[in-house]
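Coordinate inspection notes
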Amino acid sequence: MATLAAVVAALSACGGSSEDAATSDAVSWDAADACSLADDSTLAPLLTAGAGEGVATDSPERRACTWGKPEALNTVTVTTTSAPEPVDPLRTVGVGGLEGRALAESKYQCILEVTTDAGTLSIETKFGLDATANPDTSCDRSAPLAEHALSQLKWG
């Protein structure tokens, strides 16, 4: 009888929703390795000059990694931080069932931001010389990378 009570108590302690489990599996913004949030397949549509190795540029307020060629004005920077930028978006962009905010958008640059309970993900893309040749240089083009990064972080 004591064994049965111990088993019931242990099972009760394990209770909790799958949502609680999913939240606990999420990577905190300040524990994220920003350089692991993109790969060749997610960077290739954005970087015509080649991705190269990601370069970490962390600070106490954010974790960031940049790929590409700054001299060709063709880079992608993935950043995680604790809070969204306090600016109004130009428009919203669907990102894997979440609402992304286009904070800057032109044929030369996109800043796409997605905020969750675990933190804020920002994707800044500078399209560089490709902007004159490629008609699709909107923030929609950055959404697949944002979806991939959110999936890696388990924020979606």
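Preceding block: the structure.
Residues numbered from 1 in each chain as written. Predicted model: local features only at pLDDT ≥ 70, side-chain atom pairs only at ≥ 80, totals over all residues. Heavy atoms only, no water.

Observations regarding the sheet that holds strand β3 (residues 74–81)
- On the basis of which strands lie adjacent, the open sheet formed by 7 strands has the order β1-β2-β3-β7-β6-β5-β4 and antiparallel pairing. Looking at the sheet topology across the chains shown, the edges are occupied by β1 (55–56) and β4 (91–95).
- On top of the sheet, helix α5 (residues 143–153) reaches β3, β4, β5 (98–105), β6 (109–116) and β7 (119–127); it is set at about 55 degrees to β4, its chief contact. (Pairing = 2+ DSSP bridges. Helix = DSSP H or I, 4+ residues; strand = E, 2+ residues; numbered from the N terminus. Contact = heavy atoms within 4.5 Å. Axes fitted to C-alpha atoms, helices over the stretch in contact; angles between N-to-C directions.)

Overview of α5
- Buried within α5 we find Ala 143, Leu 145, Ala 146, Ala 149, Leu 150 and Leu 153. Each buried residue of α5 lies within a common arc of 155 degrees when the element is viewed along its axis, so the set occupies one face.
- Each element contacted by the buried residues of α5 is listed here: α3 (40–43), β3, β4, β5, β6 and β7.
- Of the residues one or two after α5, Lys 154 is the one with positive phi, at around 60 degrees. (Buried < 20%, exposed > 50% of the residue type's maximum accessible area, 1.4 Å probe, protein only. Arc of directions from axis to C-beta.)

Overview of unusual backbone geometry
- Its identity is not glycine, yet Leu 73 carries a phi of approximately 55 degrees, on the positive side.
- Mapped onto the secondary structure, Leu 73 falls in the loop between β2 (62–69) and β3.
- With relative accessibility at 55%, the residue Leu 73 sits in the exposed group.
- Even without being a glycine, Lys 154 presents a positive backbone phi close to 60 degrees.

Some details on the state of the cysteines
- One pass over the full model with this rule turns up 2 disulfides.
- For Cys 35, the disulfide goes to Cys 65, at an S-S distance of 2.0 Å. As the torsion about the S-S bond is roughly 95 degrees, the Cys 35-Cys 65 disulfide counts as right-handed. Taken as a pair, Cys 35 in the loop between α2 (18–25) and α3 and Cys 65 in strand β2 lie far apart in primary sequence, 30 residues in all.
- Looking at Cys 65, the relative accessible area reads 0%, which means it is buried.
- Disulfide partner of Cys 110: Cys 139, at an S-S distance of 2.1 Å. (Disulfide = S-S within 2.5 Å.)

Overview of the side chain of Thr 80
- Here Thr 80 lies in strand β3.
- Only 2.9 Å separates the side chain of Thr 80 from the backbone oxygen of Trp 29, close enough to count as a polar contact. (Polar contact = N/O pair within 3.5 Å; in protein donor to acceptor, adjacent residues only side chain to side chain.)

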